[in-house]
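Inside the fold
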Amino acid sequence: MSTPESAPLSTAPRPRALAGQTAIVTGASSGIGRSVAIGLAAAGANVVVNYVGGADAAAAVAAEIERAGGTAIPVRADVSQEAEVQAMFRAAIAAFGTVHILVNNAGLQRDAPIEEMSLADWERVVGVNLTGQFLCAREAVREFKRRGLQPELSRALGKIICMSSVHEVIPWAGHANYAASKGGVALLMKTLAQELAPRRIRVNSIAPGAIRTPINRPAWETPEALERLLRLIPSKRIGEPEDIAEAAVWLASDASDYVNGATLFVDGGMTLYPGFEDNG
Ligand code: NAD
């Protein structure tokens, strides 16, 4: 009899690799989260479209998924608030029975030079970008263990994908809170991956470079800003949210079953020291 460990991995295309599974995508009413939610749904997952503000935008994402033949519900929760995260998981379980995939995507910036950075802005960024990922991951792990393995759906008990950033390795002047939060995500992710691998839970990160979303609009909305930005990107194009969605679908699927504790940089080479492009 084949066990999840011994079953051969097929290299055949998996058009609906996530069929029957349920995903929570935090901060899914815009940008990368929206695209990841749509991508996971297209791969067959039921999707919880989490949002904190902008119920209309979240409802529109869920409606877009439904129009394409998928299944989605919007659920409001501030990921930095323990009780709201727990209520979101209860809502997901009430709607779909369990959760198989968590995409810890919600994030924000509150930028300032260090001497002007308020404690409130420090705490808000760390609270959402790092503590939020901890709170959601903890609830996900509790639910994965409660549910148990469903080998007909996935070789893994559960999958957690942390949205990090190239700023988990690239220092970023004027963004100390953001860079610290993403550096924290790097070791939170690796520690959870190490702790949970024996339970067949996979934890990985995606580290986007510059992706065209509302969070960094000033960096791409004028031709001059875009030209400056492209100097930092060896591939000479800004990333699109779909570039990240493709990576998320792969990391959520059994195609990446042996990938655990990894950060997948999806950055057009931004972490390749572009200053050395012309021989330094
Ligand atoms: P975005 O502003 O479009 O999306 C962020 C989402 O998070 C928004 O929908 C926002 O409402 C939500 N959010 C904020 N606070 C929340 C909270 N407390 N609870 C729940 N949701 C909350 O920007 P984006 O670029 O799509 O960002 C998504 C993730 O990607 C973030 O973690 C960001 O740090 C990361 N990232 C983005 C880029 C980029 O270039 N766009 C690069 C690296 C990393």
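Not measured: the values here are computed from a predicted model. (Residues numbered from 1 in each chain as written. Predicted model: local features only at pLDDT ≥ 70, side-chain atom pairs only at ≥ 80, totals over all residues. Heavy atoms only, no water.)

1. Quick notes on the site of the ligand
What counts, and what does not: We call a residue near a molecule or strand as soon as one heavy atom of that residue lies within 4 Å of the molecule or strand. Within 3.5 Å is the distance limit for a polar contact, defined as a pair of N or O atoms, with the added protein rule that one can donate a hydrogen and the other accept it, and that residues adjacent in sequence qualify only through two side-chain atoms. A 1.4 Å probe and the Shrake-Rupley method give the accessible areas. Residues count as covered only by the protein chains that appear here. Where helices and strands are cited, they refer to DSSP runs of H or I of at least four residues and of E of at least two residues respectively, numbered from the N terminus. We call Asp, Glu, Lys and Arg charged. Ala, Val, Leu, Ile, Met, Phe, Trp, Tyr, Cys and Pro are nonpolar, and the rest, Gly among them, are polar.
The full set close to the ligand counts 29 residues, and Ser 30, Ile 32, Asp 78, Tyr 178 and Thr 213 are the nearest of them. Within the backbone of Gly 209, a nitrogen or oxygen atom sits 3.1 Å from an oxygen atom of the ligand. Bound to the protein, the ligand loses 91% of the 820 Å² it would expose on its own. For the shell around the ligand, the secondary-structure elements that each account for two or more residues are α1 (31-42), α4 (119-147) and α5 (176-196). Tallied by class, the residues present in the shell around the ligand amount to 14 nonpolar, 12 polar and three charged.

2. Details of the environment of Gly 127
What counts is decided by this rule: Partly exposed describes any residue whose relative accessible area lies between the buried limit of under 20% and the exposed limit of over 50%, with all areas from a 1.4 Å probe on protein chains only and scaled to the type maximum. By definition in these notes, contact holds between two residues if any of their heavy atoms fall within 4.5 Å.
The topology assignment puts Gly 127 in helix α4. You can call Gly 127 buried: its relative accessible area is 13%. Contacts of Gly 127, omitting those with residues within four sequence positions, involve Ser 80 and Gly 132.

3. Some remarks on the packing of helix α3 (residues 82-96) against α4
We apply this condition: Here an axis means a line fitted to C-alpha atoms, over the contact stretch when the element is a helix, while the angle between two N-to-C directions is reported on a 0 to 180 degree scale. It is the rotation of the near helix from the far one that decides the hand of a crossing: anticlockwise by less than a right angle makes it left-handed, clockwise makes it right-handed.
Remark: α3 packs on α4, axes separated minimally by 9 Å, with the N-to-C direction vectors making an angle of 35 degrees. At the point where α3 passes α4, the crossing takes the right-handed sense. The segment α3 lies against α4, with Glu 82, Val 85, Gln 86, Met 88, Phe 89 and Ile 93 engaging Leu 135, Cys 136, Arg 138, Glu 139, Ala 140, Arg 142, Glu 143 and Arg 146.

4. Some details on unusual backbone geometry
Phi is positive for Arg 200, close to 65 degrees, though the residue is something other than glycine. The topology assignment puts Arg 200 in the loop between α5 and β6 (201-208). The backbone phi angle of Lys 236 is positive, close to 60 degrees, even though this residue is not glycine. Assignment of secondary structure puts Lys 236 in the loop between α6 (223-230) and α7 (241-252).

5. A short note on the pattern of salt bridges
Rule in force here: Salt bridges are defined as contacts in which a side-chain nitrogen from Lys or Arg sits within 4 Å of a carboxyl oxygen from Asp or Glu.
The tally for this structure, following the rule as stated, stands at 13 salt bridges. As a salt-bridge pair, Glu 139 and Arg 142 come within 2.9 Å of each other at their nearest N and O atoms. Here Glu 139 and its partner Arg 142 are both found in helix α4, three residues apart, which amounts to about one turn of the helix. Owing to a relative accessible area of 10%, Glu 139 belongs among the buried residues under this scheme. Of the charged contacts, one joins Lys 236 and Glu 277 as a salt bridge, the two residues approaching to 3.5 Å between their closest N and O atoms. Residue Lys 236 is found in the loop between α6 and α7, and its partner Glu 277 is found in the segment after β7 (263-266); the two are separated by 41 residues along the sequence. Overall, the relative accessible area of 42% leaves Lys 236 in the partly exposed class. One salt-bridge network, in which partners are shared between bridges, spans Glu 82, Arg 138, Glu 139 and Arg 142.

6. A few points about α1
Every α-helix winds through 3.6 residues per turn, so residues three or four apart in the chain are directed the same way. Worth spelling out the cut-off: For a helix, the expected span equals 1.5 Å multiplied by the residue count minus one.
Here α1 contains 12 residues, and its C-alpha end-to-end distance of 17 Å stays within 8% of the 16 Å for a straight helix at 1.5 Å per residue. Most of α1 is tucked away, with nine of its 12 residues classed as buried. Every buried residue of α1 is accounted for by Gly 31, Ile 32, Gly 33, Ser 35, Val 36, Ala 37, Gly 39, Leu 40 and Ala 41.

7. Regarding the pairing of strand β2 (residues 46-51)
Applied cut-off: For two strands to count as paired, DSSP must find a minimum of two bridges between them. When the strands point away from the viewer and the path from the first strand over the helix to the second turns clockwise, the crossover is right-handed.
Burial runs high along β2: six of the six residues are buried. With burial as the criterion, each face of β2 is covered, one bearing Asn 46, Val 48 and Asn 50 and the other bearing Val 47, Val 49 and Tyr 51. Two strands pair when backbone bridges link them, and strand β1 (residues 22-25) and β2 are joined in this way by four bridges, in the parallel orientation. In the sheet register, Thr 22 faces β2, and the bridge partner there is Asn 46. In this view, the connection linking β1 to its parallel neighbour β2 by way of α1 has right-handed handedness. As paired strands, β2 and strand β3 (residues 71-76) are joined by six bridges and run parallel to one another.

8. Some points on the side chain of Gln 21
Note on placement: Gln 21 falls in the segment before β1. Take Gln 21: its relative accessible area is 2%, and that puts it in the buried class. A polar side-chain atom of Gln 21 sits 2.8 Å from a polar atom in the side chain of Lys 159. Beyond its immediate sequence surroundings of up to four residues, Gln 21 is in contact with Gly 44, Ala 45, Asn 46, His 100, Ile 101, Leu 153, Ser 154 and Lys 159.

9. Comments concerning the environment of Ala 55
Within the fold, Ala 55 resides in helix α2 (residues 55-67). Ala 55 sits in the partly exposed class, given a relative accessible area of 40%. Taking C-alpha positions, Ala 55 is 24 Å from Val 126, a pair spaced 71 residues apart along the chain.

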